[in-house]
Amino acid sequence: WSTGARTGASGSSRRAPRERTRVAVRLTDFLRPEGVLPDLAGRTAPEVLAELCRPVAAMHGLDATRLLKTLLDREKLGSTGLGYGVAIPHGRLKSIKDTVCAFVRTREPLPFESPDGQPVRLVLAMLVPEHATEQHLELLSDLAQMFSDPGLRDQLVAAADVAAAHRLLTQW
């Protein structure tokens with residue numbers, strides 16, 4: 001779109017709409033290597049979310065119980081399972097200033113009420129500041145696109161260690 005003035009048939013001048021500029025949101029900004037938690041043993045979504053909340057809370061000086069409640073409250077609104085063995089549980093917290101992410105690969109596939117009915121092995125949890133609406137939606141959109149890549153999903157399931165999984169997620 002041009003942002004200059006245009007003259008219509010009536011001779012009146014008006015400005016063309018501006019295209020919204022989107023700032024790239026990168027997972028590398030929010031996912032620390034220690035936030036990659038391989039092979040968690042939980043057998044249900046709530047168990048896995050509880051397992052991931054403890055180290056995330058410790059890393060960021062947050063309350064694990066509050067993190068878990070936030071994620072579980074969001075799950076009550078509808079499953080955050082995307083399909084293809086992936087879930088992106090997420091929520092908003094007043095007590096944080098920056099987005100916090102953690103990635104989990106579960107030992108065994110677990111039910112997550114995904115739209116395709118497939119169990120989940122790959123979980124990327126995301127907590128955002130309460131006011132970060134646009135950033136939250138952009139990051140969710142980017143994550144959904146990233147996890148739509150079957151090659152990436154396969155590589156994450158097969159990743160030999162935390163460093164390999166972190167590299168795959170942050171360099172996609």
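Refer to the structure printed above.
Computed from a predicted structure; not experimentally measured.

Conventions we followed
Residues numbered from 1 in each chain as written. Predicted model: local features only at pLDDT ≥ 70, side-chain atom pairs only at ≥ 80, totals over all residues. Heavy atoms only, no water. Buried < 20%, exposed > 50% of the residue type's maximum accessible area, 1.4 Å probe, protein only. Helix = DSSP H or I, 4+ residues; strand = E, 2+ residues; numbered from the N terminus. Pairing = 2+ DSSP bridges. Contact = heavy atoms within 4.5 Å. Expected span 1.5 Å × (residues − 1). Arc of directions from axis to C-beta. Polar contact = N/O pair within 3.5 Å; in protein donor to acceptor, adjacent residues only side chain to side chain.

A.B. asks: Requested: an account of the pairing of strand 7 (residues 100-110), with residues and values cited.
C.D. replies: Across the 11 residues that make up strand 7, a large majority, 8, are buried. In the sheet, strand 3 (residues 36-40) pairs with strand 7 via 4 bridges, with the strands oriented parallel. Across the sheet, residue P38 finds its bridge partner in strand 7, namely R105. As defined by bridge partners, strand 7 adjoins strand 8 (residues 120-129) across 7 bridges and the pair is classed as antiparallel. Opposite L110, over in strand 8, you have V120 as the bridge partner.

A.B. asks: Please set out the environment of Q171 residue by residue, giving values where relevant.
C.D. replies: Structurally, Q171 is set in the segment after helix 5 (162-170). Residue classification places Q171 among the exposed residues on the basis of a relative accessible area of 60%.

A.B. asks: Please set out the side chain of T70 residue by residue, giving values where relevant.
C.D. replies: The topology assignment puts T70 in helix 2 (residues 64-77). We classify T70 as buried; its relative accessible area is 13%. Not counting residues within four places of it along the chain, the set of residues in contact with T70 comprises G91, R92, L93 and L127.

A.B. asks: Describe helix 2, listing the residues and the values that go with them.
C.D. replies: Counted at 1.5 Å a residue, the expected span for helix 2 with its 14 residues is 20 Å, and the 21 Å between its end C-alpha atoms agrees. Taken together, the buried positions of helix 2 are occupied by L67, T70, L71 and E75. Down the axis of helix 2, the buried side of the element spans an arc of 135 degrees, and every buried residue falls inside it. What points out from helix 2, more than 90 degrees from its buried face, is the exposed set T65, K76 and L77. In this structure, the buried residues of helix 2 make contact with helix 1 (45-60), strand 6 (90-93) and strand 8. Structurally, the start of helix 2 carries an N-cap: the backbone nitrogen of T65 is 3.1 Å from a side-chain oxygen of D63. Backbone geometry just after helix 2 places G78 at a positive phi near 160 degrees.

Keep in mind these numbers describe shape, not what the thing actually does.
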